[in-house]
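# A look at the structure
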Amino acid sequence: MAYFVYSLVLPTLSQILASSQAGFKDIQPWVDLNHAQAALFEGSVSSAEWAHLAVTVAVWLVLPAFLGLRAAMRSELK
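Residues numbered from 1 in each chain as written. Predicted model: local features only at pLDDT ≥ 70, side-chain atom pairs only at ≥ 80, totals over all residues. Heavy atoms only, no water.

## Overview of the overall build of the chain
Spelled out, the test is: Numbering of helices and strands starts at the N terminus; helices are DSSP runs of H or I of at least 4 residues and strands are runs of E of at least 2. Here the globule rule reads 2.2 Å times residues to the power 0.38, and the radius of gyration is calculated from C-alpha atoms. Using a 1.4 Å probe on the protein chains alone, a residue whose accessible area is under 20% of its type maximum counts as buried, one over 50% counts as exposed, and one in between counts as partly exposed. In what follows, a contact means two residues having at least one pair of non-hydrogen atoms within 4.5 Å. Areas reported here follow the Shrake-Rupley algorithm with a probe of radius 1.4 Å; residue values treat only the protein chains shown as occluding. When charges are counted, Lys and Arg are positive and Asp and Glu negative, with His and the chain ends excluded. Lysine's charge is taken at NZ, arginine's at CZ, aspartate's at CG and glutamate's at CD.
Of the regular secondary structure elements, the chain holds four helices and zero strands. Counted from the first residue to the last, the chain has its helices and strands arranged as α-α-α-α. Compactness check: the chain gives a C-alpha radius of gyration of 15 Å against a globular reference of 12 Å for 78 residues, more than 25% above the reference. Once the C-alpha set of the chain is aligned to its principal axes, its extents read approximately 50 × 30 × 20 Å. The buried share of the chain, reckoned over its 78 residues, is 18%. Here the analysis covers contacts within the chain between residues at least 6 apart in sequence; of these, 29% occur between residues at least 24 apart. Only carbon and sulfur atoms are counted for the fraction: they give 69% of the accessible area of the chain, which is about 6000 Å². Each charge class in the chain was averaged separately, 4 positive and 5 negative side chains, and the resulting centres sit 18 Å apart.

## A short note on a nonpolar patch on the surface
Defined as follows: Grouping into patches uses exposed residues only, defined as over 30% relative accessible area, and leaves out salt-bridged ones; the cut-off is 9 Å for like charges and 5 Å for nonpolar side chains (Val, Leu, Ile, Met, Phe, Trp, Tyr). Counted as salt bridges are all cases of a side-chain nitrogen of Lys or Arg within 4 Å of a carboxyl oxygen of Asp or Glu.
Taken together, the side chains of Ile27, Trp30, Val31, Val55, Val59, Trp60, Leu61 and Val62 present a nonpolar region at the surface, about 630 Å² in accessible area. For the nonpolar patch, the secondary-structure elements that each account for two or more residues are helix H2 (24-31) and helix H4 (47-74). The leading source of residues in the nonpolar patch is H4, at five residues. Here Trp30 shows up in helix H2.

## Some words on the environment of Ser14
The residue Ser14 is located in helix H1 (residues 2-20) in this model. In this view, Ser14 contacts Phe24, Gln28 and Asp32; residues no more than four positions away in its chain are not counted.

## Describing H2
Applied cut-off: To obtain the arc, one takes the directions from the helix axis to the C-beta atoms.
Those residues of H2 that sit buried are Phe24, Gln28 and Pro29. Projection of H2 onto a plane perpendicular to its axis shows the buried side chains occupying an angular sector of 145 degrees, all on one side.

## Examining the side chain of Thr56
Take Thr56: it is sitting in helix H4. You can call Thr56 buried: its relative accessible area is 0%. Filtering out sequence-adjacent residues up to four positions away, Thr56 remains in contact with Pro29, Trp30, Val31, Asp32, Leu33, Ala36 and Leu61.

## Some words on the packing of helix H3 (residues 33-42) against H4
Quick note on the threshold: Note on definitions: angles span 0 to 180 degrees between N-to-C directions of axes, and those axes are lines fitted to C-alpha atoms, for helices only across the stretch in contact. For this classification, under 35 degrees means roughly parallel, over 145 means roughly antiparallel, 65 to 115 means roughly perpendicular, and everything else is oblique. Working rule for handedness: look at the near helix, and if it is turned counterclockwise from the far one by less than a right angle, call the crossing left-handed; if clockwise, right-handed.
Closest axis-to-axis distance for the H3/H4 pair is 9 Å, and the angle between their directions is 140 degrees. Put simply, H3 runs oblique to H4. Considering the relative orientation of H3 and H4, their crossing is left-handed. In contact with Leu33, Ala36, Gln37, Ala39 and Leu40 of H3, H4 contributes Glu49, Trp50, His52, Leu53, Thr56, Val57 and Leu61.

Next comes the structure, spelled out in structure tokens:
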């Protein structure tokens, strides 16, 4: 379920917000992983684009993995 939301819903929602909200275009590289990864496929990556990628990976991959692992470690074995 989480992968479905991550791979289908989030990019679609991001594109809708980018086209309808002028302010979202400024923060889109910081919250949209697909947008942040696009610079890697273009060839030249600036330091700002590396920062965008690092923040989005931390928010969408590292933080949920850490929280899930923490919850699993705290749960009682049955």
